[in-house]
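# Topology and contacts: notes
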Amino acid sequence: MNVQTTDIKSDHFSTYSRNNRVVAWILRFIHNVSNATKLKGSLSYEEFKRAEVLVFKSLQSNAFQDERFLAKMQAFKDEKMGF
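Please read all numbers here as calculations on a predicted model, not as lab measurements. (Residues numbered from 1 in each chain as written. Predicted model: local features only at pLDDT ≥ 70, side-chain atom pairs only at ≥ 80, totals over all residues. Heavy atoms only, no water.)

So, on to the packing of aromatic side chains. Under the criterion given, the structure shown has one aromatic pair. A centroid spacing of 6.3 Å and a plane angle of 35° characterise the contact between Y16 and F56, whose relative ring orientation is tilted. Separated by 40 residues along the polypeptide, Y16 in helix α1 (residues 5-34) and F56 in helix α2 (residues 45-63) bring together distant segments of the chain. Overall, Y16 belongs to the partly exposed group, its relative accessible area being 25%. (Phe/Tyr/Trp six-rings, centres within 6.5 Å; stacked < 30°, edge-to-face > 60°. Helix = DSSP H or I, 4+ residues; strand = E, 2+ residues; numbered from the N terminus. Buried < 20%, exposed > 50% of the residue type's maximum accessible area, 1.4 Å probe, protein only.)

Structure representation (structure tokens):
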């Protein structure tokens, strides 16, 4: 099977972008259910970035559950999600 590298890169970015958009729409839905002021129209840049940060924090919390590993890296764990 012959797969070009450019196809893999564009496919990976497409999945990444789609996942972030789905999370952004879910966050908008939660906002609209919880608030009197409803957000409408296309997703804003801020909504997309908020979703991206949430996805990254979720991935990091799953990947770095072992506190000893974080200590070896001299990293710290951000306990608050900010959402």
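So much for the structure itself; the text now carries on.
Time to look at the side chain of E52. When you line up the elements, E52 lands in helix α2. Each residue touching E52, except ones within four places of it in the same chain, is listed here: Y16 and N20. (Contact = heavy atoms within 4.5 Å.)

Once that is clear, we can look at a nonpolar patch on the surface. A cluster of nonpolar side chains, namely V22, I26, F29, I30 and V33, defines an oily patch on the protein surface of about 500 Å² accessible area. If you trace the backbone, F29 turns up in helix α1. (Patch = residues over 30% accessible without salt bridge, like charges linked within 9 Å, V, L, I, M, F, W, Y side chains within 5 Å. Areas by Shrake-Rupley, 256 points an atom, 1.4 Å probe, with all protein chains shown as cover. Salt bridge = Lys/Arg side-chain N within 4 Å of Asp/Glu carboxyl O.)

This paragraph deals with the pattern of salt bridges. What the rule picks out here adds up to two salt bridges. Residue R28 pairs with E47 through a salt bridge whose shortest N-O separation is 2.7 Å. Note that R28 is positioned in helix α1 and E47 in helix α2, a separation of 19 residues in sequence. Comparing R28 with E47, the two get one shared label, buried.

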